[in-house]
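# Survey of secondary and tertiary structure
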Amino acid sequence: MSVTAEGRPAPAPARRPGMAPTDVSNPNYFHKVVDCQWACPAHTPVPEYIRLIAEGRYSDAYMINWHSNVFPGVLGRTCDRPCEPACRRGRVEQEPVAICRLKRVAADSKDMANVAGRMPKPAAKKNGKRIALVGAGPASLTVARDLLPLGYHVTIYDADPFAGGMMRTQIPRFRLPETVLDEECNYILALEPETKFGEKIESLKALLAKDYDAIFVGCGAPRGRDLDIPGRKEAAANIHIGIDWLSSVSFGHTTSIGKRVVVLGGGNTAMDCCRTSRRLGGQKVDVVVRSGFDEMKASPWEKEDAMHEDIPIHNFLVPKEFKHTGGKLTGVLFEKVKAVRDEKGRRNLVPTGEPDVLFECDDVLVAVGQENAFPWIERDIGIAFDKWDMPVVDPVTMQSSNPKVFFGGDAAFGPKNIIWAVAHGHEAAVSIDLLCSGEDVKVRPSPLVNLSSQKMGIHEWSYDNDVSLDLRFKVPHAPKELTLKDVNMEVELGFNKELGFKEAQRCLNCDVETVFAESLCIECDACVDICPVDCISFTPNDPEPVLRTHLSAPSTNPAQDLYVSDALKTGRVMVKDEDVCLHCGLCAERCPTGAWDMKKFYLETAKAGSCRK
């Protein structure tokens, strides 16, 4: 099996008539079908845990999630949902399956005692290798989770008094309750790492001198960008850097804010700042963004939640000056701009020439981006930095130019999100294990790929193949009049078990594949007759552009995959349009010879320890 550097099967060659890559040893066809799992950086087996939720097996679903994404309860509330745009449900209707919120169903409904009993135990014997982790955020905790059961002595350093990193300091409690974060951090701390919380690393050279076998830097992007415009220094007392302010709120140091607040920025941090301000006394809170509404980096649902809490978002305004009287902030002056594209299609913001706009305010929260700060990493210890003053990191191995030092999460490639940090942690743990085992870190262990028939009889399958007609269900929210009074009251209530079951039924089982055996086919066209979406055709073999026009439902988009069989007895070929297939299994139920079968695709990416012989 050919595998790319990312650990997924290599792309198939251009699909031509006659190609039927149904062999387990060549999963190039199947990796194109289970798109939601591939879209998740941690490769969570989405359809599998959704089926378990539909069966009421919440603890099993939680453990599947925990194995790959480490923080199911956290991510079920906060994930940026890279998997959902890839969900096949979104190809047949507007909204995909609520994959993220179903993670929370498993986390909230699991049997905690059952789950605790299934967690790995601390290693009975250490292997003599010592690993240092800088930062106790999601990337570092993932490395610890993967290495501790293998016998590594892991030491976690963090300047904060508790584990969690940005999950604790930058995500408000009304989005992520502290109890949820504590529980999932404690599953890792129970593996008995050495913790040095409250101890900030001031020198990587000094840490290297302690002779660790490897060091992982997962300290995040701890510095918020500032705005150097007139009035910044004079009115500094009421101008706050967003991430620092959120951290101060998180630890209880900040408990109030002015009645009139302006939040600068259009990302998720800005949305957290404005919503937190509403709960700490901000009666009039405005978000001001230099870009257009659709170009904002904040997730669509984050913008919706802010607007639901009566927070207006103003676009195409560039901050020009902080207004103040005797050092006391009075407002922010903005220049109106518009988006203009040049001859190459590049967007530029240019002044409209309209009068400037003044927003009167008592406080300003600056949330215009984050950046890495590495003053504590000396430049003479073998770590190369690029022109942006970022460490040069291998995107596959997470290794720096110093072979003993690895980076992950926001510290590696700049701010992203939790699930990417987890994915980096898994890959770094594999690399560290390979390094400490004397192996080449660039030779990655292969993932486990398998197919298994779901037949339980002539017309029965081991999965529910009914296609739900329900639209995506809305997540219930606590009343706004209550949540705006309490910065710790969770806004989203999550799906209960009944809604979780109904939402899980919307999954189209994209990991259960239709597999066709030409030798058994008698070309009776029964599968063509019963297919509810006309995705199966028997047609003469032609070059692909011509073949696409011969299908029952012509497929004129070359980006859509076709499943093409070898020649049948009549010389025709079977062609299935994968883009519209519902995986309902009716073709296999109707087939009189068993030429069609429904087989579950299983993928498990390599974790630390996979290199053990």
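Up top is the structure.
Right, let's walk through the structure included here. As the structure is a prediction and not an experimental result, all values here were calculated from the model.

Reading the values: rules and limits
- Residues numbered from 1 in each chain as written.
- Predicted model: local features only at pLDDT ≥ 70, side-chain atom pairs only at ≥ 80, totals over all residues.
- Heavy atoms only, no water.
- Helix = DSSP H or I, 4+ residues; strand = E, 2+ residues; numbered from the N terminus.
- Pairing = 2+ DSSP bridges.
- Contact = heavy atoms within 4.5 Å.
- Axes fitted to C-alpha atoms, helices over the stretch in contact; angles between N-to-C directions.
- Salt bridge = Lys/Arg side-chain N within 4 Å of Asp/Glu carboxyl O.
- Disulfide = S-S within 2.5 Å.
- Buried < 20%, exposed > 50% of the residue type's maximum accessible area, 1.4 Å probe, protein only.

Next up on the list: unusual backbone geometry. The residue V70 is not glycine, and still its phi comes out positive at about 70 degrees. Following the sequence through the fold, V70 ends up in the loop between α3 (58–69) and α4 (72–78). Phi is positive for F316, which is not a glycine, with a value near 60 degrees. Inspection of the secondary structure puts F316 in the loop between β9 (313–314) and β10 (317–325).

What follows concerns the sheet that holds strand β6 (residues 239–241). Ordered in space as β6-β14-β7-β8-β9, the five strands form an open sheet in which the pairing is parallel. The two strands at the open ends of the sheet, each matched to only one other strand, are β6 and β9. By the bridge criterion, three bridges tie β6 to strand β14 (residues 363–366) in an arrangement that is parallel. Looking at β14, one finds that I241 is bridged to V366. Against the sheet, helix α11 (residues 242–250) touches β6 and β14, its axis set at about 85 degrees to β6. Relative to strand β8 (residues 284–288), helix α12 (residues 268–279) is tilted by about 170 degrees, and along the sheet it contacts β7 (260–264), β8, β9 and β14.

So, about the pattern of salt bridges. Tallying each qualifying case throughout the model produces 49 salt bridges. With its nearest N and O atoms 3.1 Å apart, the salt bridge here joins R572 to E523. One end of the pair, R572, is in strand β21 (residues 572–577); the other, E523, is in the loop between β18 (512–516) and α18 (526–530), with 49 residues separating them in the sequence. If you follow the salt bridges from partner to partner, you end up with E48, R51, D511 and K600 in one network.

Turning to the state of the cysteines, a few remarks are in order. Overall, the coordinates contain zero disulfides when judged by the stated rule. There is no disulfide at C40, and the cysteine sulfur nearest it, in C83, is 6.0 Å away. What makes C40 buried here is its relative accessible area of 4%. Left unpaired, C581 is separated from the closest cysteine sulfur, that of C535, by 4.4 Å. The buried category is assigned to C581, whose relative accessible area is 8%.

The next thing to look at is the sheet that holds strand β1 (residues 130–134). Pairing within the open sheet is parallel, and its five strands lie in the order β3-β2-β1-β4-β16. Each edge of the sheet is formed by a strand with only one pairing partner; in this case those strands are β3 (194–197) and β16 (405–407). Pairs of neighbouring strands in the sheet enclose a mean axial angle of 15 degrees, with direction left out of account. Alignment of β1 against strand β4 (residues 214–217), held across four bridges, turns out to be parallel. Across the sheet, residue L133 finds its bridge partner in β4, namely F216. Its contacts with the sheet place helix α7 (residues 138–147) against β1, β2 (153–158) and β4, and it is angled at close to 160 degrees to β1.

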